[in-house]
Amino acid sequence: MQLKINAVAQNGQFITELPSNVWIHKYDYFFMRNQKQGYNLIFNGYMYKKEASFRATVNWICSDGNGKRSTENKCSARAITKFAGGIKLGKNPHNHPPRFTGNCVPAKLMIKDMLLQQY
């Protein structure tokens with residue numbers, strides 16, 4: 001099992017090692033409404049935007065440096081979530097620090113169950 005150096009906010013605490021390419025079920029991940037009225041994934045202090053949806057999963061790419069106008073410093077980190085629960089981190093690590101750390105956490109985060117209740 002390959003390990004990545006990352007941090008997961010769990011009640012203000014951070015865990016420094018997370019596996020990649022395996023399903024993780026013991027940590028919550030969150031969603032936040034974006035400007036286009038879709039949702040972004042928030043996990044591990046990083047924000048991901050939706051790349052593709054499938055029957056049972058959603059593929060996400062890191063939102064830092066992956067906009068239309070940005071050609072430099074693209075982050076190649078990816079994640080996959082299952083509708084039934086669980087997240088899998090891709091093999092490529094982030095090339096930048098987390099966006100959300102300490103007291104800089106969005107107030108309007110939703111857990112998976114809150115998001116599914118809206119549909």
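Note that this is a predicted model, so its numbers are computed, not measured.

Peer 1: What exactly am I supposed to notice about the overall build of the chain here?
Peer 2: The number of helices and strands found in the chain is one helix and 10 strands. Of all 119 residues assigned to the chain, the portion counted as buried reaches 37%. Taking all contacts inside the chain whose residues are at least 6 apart in sequence as the whole, residues at least 24 apart take part in 47%. Carbon and sulfur atoms form 52% of the exposed surface of the chain, whose accessible area is close to 7800 Å².

Peer 1: I'm lost on the confidence of the model for the chain in this one. Help?
Peer 2: Atomic detail in the predicted coordinates should be set aside for any region of low pLDDT. In this model, the chain carries a mean pLDDT of 77, and residues with pLDDT of at least 70 account for 68%. Counting interchain partners and residues more than four positions distant, the pLDDT-below-50 stretch residues 1–13 has 41 contacts.

Peer 1: Before we go on, may I ask you to explain the packing of aromatic side chains in this structure?
Peer 2: Here a ring pair, both rings aromatic, is described through the centre-centre distance and the interplanar angle of the planes. Applying the stated rule across the entire model yields two aromatic pairs. Between the aromatic rings of Tyr29 and Phe31, the centroid separation amounts to 5.8 Å while the plane-to-plane angle is 80 degrees, which identifies the pairing as edge-to-face. As far as burial versus exposure is concerned, Tyr29 and Phe31 are alike and both buried. Summarising the aromatic geometry, the rings of Phe31 and Trp60 are spaced 5.9 Å apart at their centres and angled 45 degrees between planes, so their arrangement reads as tilted. Taken together, the residues span a long stretch of sequence, with Phe31 in strand 4 (residues 30–33) and Trp60 in strand 7 (residues 57–62) at a distance of 29 residues. An identical accessibility class is assigned to Phe31 and Trp60; each is buried.

So, how was this worked out
- Along each chain, residue indices are assigned from 1 in the same order as the chain's sequence is written.
- Since the coordinates come from a predicted model, pLDDT governs what is reported: local features require at least 70, and pairs of side-chain atoms require 80 or more to be given and counted, while whole-chain, interface and lining totals use all residues.
- Based on all heavy atoms of the structure, the side-chain values leave hydrogens and waters out of the count.
- Here a strand is any run of E in DSSP of at least two residues, a helix any run of H or I of at least four, and the numbering for each starts at the N terminus.
- When a residue's accessible area, from a 1.4 Å probe over protein chains only, is under 20% of the maximum for its type it is buried; when over 50% it is exposed; and in between it is partly exposed.
- A contact between two residues is defined here by any heavy atoms of the two lying within 4.5 Å.
- Per-residue and other accessible areas follow the Shrake-Rupley method at a 1.4 Å probe size, with only the shown protein chains counted as cover for residues.
- As a per-residue quantity, pLDDT reports the predictor's confidence and falls between 0 and 100.
- Aromatic rings from Phe, Tyr and Trp, with only the six-membered ring used for Trp, were paired whenever their centres fell within 6.5 Å, and each pair was classed as stacked if the ring planes differed by under 30 degrees, edge-to-face if by over 60, and tilted otherwise.

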